[in-house]
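# A look at the structure
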Amino acid sequence: MDLSKISETLISGKSDELKKLVEEAVNSDANPSDILNKGLLPGMDAVGQKWKAGDMFMPEVLRSAKAMSNAMDYLRPKLKDDDLGNAGTMVIGTVAGDLHDIGKDLAAMMFEGAGYKVINIGIDQSNENFVNAVKEHKPNLLGMSALLTTTMPRMGEVINSLKEAGIRDQVAVIIGGAPVTEEFATEIGADLYAPNAGTAVEITKEYLQKKS
Ligand code: B1M
């Protein structure tokens, strides 16, 4: 089966059609790992590039991200454990007191689309929950999102808690959300700041490559 059709359908955001194509590919004995790596991931990569270039807008990106997520719900059980997570493991959540999840979920889907195994711990997560998730899942990347100026300080607190737990060095920390800035990220000791989910994936890749 021509897996580029899967990429194209993902870019166009046609969720039902995409799921049908992925099902057809699985039934025609295509390797699930190839469906992911040669169909879905290049499609999501192209979405990120087009968005950055201004050739796609937020509603279209969200449609593609939803289509990716639906296709992944079907494909995930068929993948071997090491198919997902080639790029690393990420824990992501929205900080305590903050219920906004649209940007965080978009970032989570973009990271999953880029080959990360993503553990999305959800909204309104206490500092302790972030630290416990890092201890439990041992990710190489921790993502935090905050949309309120009143909840942004939780991000610095989580970083301090990671230090206190002696695990700060084990994980790169990326933060984002509308009120968050590069200056704030530097101030609280985060490794990375991204103004949007596409950039987040890109700068993380560069950062982790440099580190390894
Ligand atoms: Co709220 N809200 N909200 N809200 N809300 C804002 C954030 C606000 C700016 C609106 C305003 O007043 N103009 C304002 C915050 C003001 C401030 O603190 N500076 C605000 C407020 C005040 C509130 C309440 C307090 C309102 C009230 O009840 N009085 C309340 C707080 C609830 C709480 O959290 N405790 C509240 C509630 C809500 C809803 C529940 C109604 C709803 C959230 C629904 C949901 O998320 N499921 C909501 C919404 C929708 C918004 C706005 C309108 C849109 C946010 C959004 O989803 N944008 C927002 C106004 C705005 O931002 N224009 C607003 C789309 C999304 C894709 O963008 O999340 O910024 P965003 O994500 C971007 C980047 O920031 C980045 O990537 C994404 C794009 O690619 N990014 C990351 C985000 N996380 C990242 C993580 C990364 C990397 C990049 O790496 C880990």
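Preceding this paragraph is the structure being described.
### A few points about the side chain of Asp 98
Looking at the secondary structure, you find Asp 98 in the loop between strand E1 (88–95) and helix H5 (102–113). Buried charge without a salt bridge: Asp 98, with Arg 154 as the nearest opposite-charge side chain at an N-O distance of 8.9 Å. Separated by 2.8 Å, the side chain of Asp 98 and the backbone nitrogen of Leu 147 make a polar contact. Within the structure, Asp 98 has its side chain in polar contact with the side chain of Thr 151 (distance 2.7 Å).

### A short note on the pairing of strand E2 (residues 116–125)
Pairing geometry for E1 and E2, over seven bridges, is parallel. Directly across from Gly 88, in E2, lies its bridge partner Tyr 116. One crossover worth recording links E1 to the parallel E2 by way of H5, and it is right-handed.

### Thoughts on the sheet that holds strand E5 (residues 192–193)
Strand order in the open sheet made by the five strands is E2-E1-E3-E4-E5, with parallel pairing throughout. The open sheet has two edge strands with one neighbour each: E2 and E5. The sheet contact formed by strand E3 (residues 141–145) and strand E4 (residues 172–176) spans five bridges and is parallel. Paired with Leu 141 across the strands is Ala 172, a residue of E4. Along the sheet, helix H7 (residues 153–164) contacts E1, E3 and E4; its crossing angle with E3, the most-contacted strand, is approximately 155°.

Thresholds applied
Residues numbered from 1 in each chain as written. Predicted model: local features only at pLDDT ≥ 70, side-chain atom pairs only at ≥ 80, totals over all residues. Heavy atoms only, no water. Helix = DSSP H or I, 4+ residues; strand = E, 2+ residues; numbered from the N terminus. Buried < 20%, exposed > 50% of the residue type's maximum accessible area, 1.4 Å probe, protein only. Lys, Arg positive; Asp, Glu negative; His and termini not counted. Salt bridge = Lys/Arg side-chain N within 4 Å of Asp/Glu carboxyl O. Polar contact = N/O pair within 3.5 Å; in protein donor to acceptor, adjacent residues only side chain to side chain. Pairing = 2+ DSSP bridges. Right-handed = clockwise from strand over helix to strand, strands pointing away. Contact = heavy atoms within 4.5 Å. Axes fitted to C-alpha atoms, helices over the stretch in contact; angles between N-to-C directions.

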